[in-house]
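The lines below spell out each chain.
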Amino acid sequence: MSDIPQARLAQFLAIGVPAALLGGAYISEYVFGLYPCEMCWWQRWPHFAALGLAGISVVAPPRRVWIALAGIAVLVSGVIGAHHAGVEYQWWQGFTGCATTPTGLDVMDPTAVPLIRCDVAPWTLFGVSLAGWNFLFSSAGGITILTLLARKETA
């Protein structure tokens, strides 16, 4: 491994992975108009928590514990992303009402909040939805963070 201690690299990833994924989510929302559904928000909350936990690791001991908790939070977002992707691909039923069209919605009312469905992928790349990409990046990031922390320091 390079001269960067594993815990320091894990800390960098614990800050960088959720920051990058949240940044991508907000760019897709505010630049490209891909508004989040309820399950999309569920994926964001663990990333917010991971940023907070990783931030605490910068200033408070025990640093490795805070980094590990941030890594677990990143993994939780990946698990939620996997579930959401499965709902989008119709592999299983979602938990929320956002996976169905509500009755009584007045589509002619300009003040009505737009319905963002959880069971429809608004965008895909290579057949993978945003929830699927979150699953892939969050899972890889969380596993990498925890693996780095599990290794013995060699310096």
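Residues numbered from 1 in each chain as written. Predicted model: local features only at pLDDT ≥ 70, side-chain atom pairs only at ≥ 80, totals over all residues. Heavy atoms only, no water.

Asker: Would you explain the side chain of Ser138 in this entry?
Answerer: With respect to the secondary-structure elements, Ser138 resides in helix H4 (residues 130-150). Within the local environment of Ser138, its side chain forms a polar contact with the side chain of His47, the two groups lying 3.2 Å apart. Sequence-distant contacts of Ser138, that is, excluding residues within four places in its chain, are made with Leu21, His47, Val74, Leu75, Ser77 and Gly78. (Helix = DSSP H or I, 4+ residues; strand = E, 2+ residues; numbered from the N terminus. Polar contact = N/O pair within 3.5 Å; in protein donor to acceptor, adjacent residues only side chain to side chain. Contact = heavy atoms within 4.5 Å.)

Asker: What should I look at first to understand a nonpolar patch on the surface in this one?
Answerer: On the surface, Ile27, Tyr30, Val31 and Phe32 cluster together into a nonpolar patch covering about 500 Å² of accessible area. Checked against the element boundaries, Tyr30 lands in helix H1 (residues 6-30). Relative accessible area serves as the criterion here: at 61%, Tyr30 is assigned to the exposed category. (Patch = residues over 30% accessible without salt bridge, like charges linked within 9 Å, V, L, I, M, F, W, Y side chains within 5 Å. Areas by Shrake-Rupley, 256 points an atom, 1.4 Å probe, with all protein chains shown as cover. Salt bridge = Lys/Arg side-chain N within 4 Å of Asp/Glu carboxyl O. Buried < 20%, exposed > 50% of the residue type's maximum accessible area, 1.4 Å probe, protein only.)

Asker: Could you clarify how one ought to interpret the nonpolar core in this entry?
Answerer: Note that soluble globular proteins tend to have their nonpolar side chains buried in a common cluster. Grouped together as the largest cluster of nonpolar side chains are 14 residues, with contacts concentrated most on Ala10, Ala14, Ala50, Ile67, Ala70, Ile145 and Leu149. Mapped onto this core, the elements with two or more residues apiece are H1, helix H2 (38-59), helix H3 (63-88) and H4. In this structure, Leu149 is in contact with Ala7, Ala10, Arg64, Ile67 and Ala68, ignoring residues within four places of it in sequence. Core analysis: the second largest hydrophobic core is formed by 5 residues, Cys37, Met39, Val87 and Cys118 among them. (Core = buried A, V, L, I, M, F, W, Y, C linked by side-chain atoms within 4.5 Å.)

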